[in-house]
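Single-letter residue listing:
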Amino acid sequence: MNSIIFSKNVRMRPFVGTGYFDGEWMGRLLILGESHYHDTSDVRSDFTETLMMDIASGKWKKRYWTSLSRLVTGKPTREIDRSKFWNSVAFYNYVQFIVGAKSRVRPDAGMWENSKAPMLEVLHTLKPDRILVCGIELGKHLPDIPSPIKTLIITHPSAPNFGKIDSSIALVQRFLQS
């Protein structure tokens, strides 16, 4: 776990890789997801951090996480060092509440609204240079992102209409190099 301090407004702290502040991706890269799903709404503040450590170690694998690592690295899955990749970025889920037990449940208006202030706190603390926003709907609910942070909003990598990953990889690679 990281030693970065957040207020209680940030109910689920972001995962911050050990190399995040080294700025491997043309600066510090924050990958912004939408929300967590779980069978209980009572989760610990290190929920995201614990999940991401399992993903980085390869203990937990889903298409969403594999797609994200492919988008950023531009490499085929077999060539990606999961631990190295996830430790080079930060990951934060915008909605600070468990949305439901299964995916495809949408956050309600209050969840979106009550997640704006924690997001701004995370941006102030982590000072990302770039944010990869995973989801068009998520992009519509973000607060104004402070300048000079660059953002790219993409179709959610788990969405049925995500499309061919190669064109999305090219888009993300251009964003990271801009």
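Preceding block: the structure.
Rules of the game
Residues numbered from 1 in each chain as written. Predicted model: local features only at pLDDT ≥ 70, side-chain atom pairs only at ≥ 80, totals over all residues. Heavy atoms only, no water. Helix = DSSP H or I, 4+ residues; strand = E, 2+ residues; numbered from the N terminus. Rg over C-alpha atoms; globule rule 2.2 N^0.38 Å. Contact = heavy atoms within 4.5 Å. Phe/Tyr/Trp six-rings, centres within 6.5 Å; stacked < 30°, edge-to-face > 60°. Buried < 20%, exposed > 50% of the residue type's maximum accessible area, 1.4 Å probe, protein only. Axes fitted to C-alpha atoms, helices over the stretch in contact; angles between N-to-C directions. Parallel < 35°, antiparallel > 145°, perpendicular 65-115°, else oblique. Left-handed = near helix turned anticlockwise from the far one by under 90°. Nonpolar A, V, L, I, M, F, W, Y, C, P; charged D, E, K, R; others polar. Pairing = 2+ DSSP bridges. Right-handed = clockwise from strand over helix to strand, strands pointing away.

Peer 1: In this structure, what is going on with the overall build of the protein? I would like to understand it.
Peer 2: Counting secondary structure elements, the protein contains seven helices and five strands. Reading the protein from its N terminus to its C terminus gives the helix and strand order β-β-α-α-α-β-α-α-β-α-β-α. Over its C-alpha trace the protein gives a radius of gyration of 15 Å, about what one expects of a compact globule, namely 16 Å for 178 residues. Counting contacts in the protein only where the partners sit at least 6 residues apart, residues at least 24 apart contribute 71% of the total.

Peer 1: Hey, could you run me through the packing of aromatic side chains in this one?
Peer 2: Aromatic rings considered in pairs are described by the distance between their centres and by the relative angle of their planes. All told, the structure shown has seven aromatic pairs when counted by the stated rule. Between phenylalanine 85 and tryptophan 86, the aromatic rings sit 4.7 Å apart at their centres with planes inclined by 75 degrees, giving edge-to-face as the arrangement. Judged by relative accessible area, phenylalanine 85 falls into the buried class, the value being 3%. Under the relative-accessibility criterion, tryptophan 86 is labelled buried at 1%. Site record: aromatic cluster; members linked through ring pairs are Trp25, Tyr64, Trp65, Phe85, Trp86 and Phe91.

Peer 1: When you look at the packing of helix H2 (residues 63-73) against helix H7 (residues 165-177) in this model, what are you seeing that I'm missing?
Peer 2: Helix-helix packing: each pair is described by the crossing angle between the helix axes and the interaxial distance. As a packed pair, H2 and H7 sit with axes 7 Å apart at the nearest point and diverge in direction by 50 degrees. If you check the angle between H2 and H7, you find them oblique. Here H2 and H7 pass one another in a crossing that is right-handed. Touching Ser67, Arg70, Leu71, Val72 and Thr73 of H2 are Ile165, Asp166, Ser168, Ile169, Val172, Gln173 and Leu176, all from H7. For the contact of H2 with H7, the per-class residue count stands at six nonpolar, four polar and two charged.

Peer 1: Teacher, can you tell me more about unusual backbone geometry here?
Peer 2: Here the residue pair serine 147 and proline 148 is connected by a cis peptide bond, since its omega of 10 degrees sits within 30 degrees of zero. Of note, the phi angle at methionine 26 is positive, near 55 degrees, even though the residue is not glycine. Along the chain, the position of methionine 26 falls in the loop between strand S1 (15-16) and strand S2 (29-33). The exposure class of methionine 26 is exposed, given its relative accessible area of 55%. Even without a glycine there, the phi angle at lysine 127 is positive, about 50 degrees.

Peer 1: I tried to follow the pairing of strand S5 (residues 150-154) on my own but got confused; where do I start?
Peer 2: Regular strands show a simple pattern: their side chains alternate between the two faces of the sheet. Pairing of strand S4 (residues 130-134) with S5 involves five bridges; the strand directions are parallel. Following the sheet pairing, cysteine 134 is matched in S5 by isoleucine 154. As for the winding sense of the linkage, the β-α-β connection from S4 through helix H6 (residues 136-141) to S5 is right-handed.

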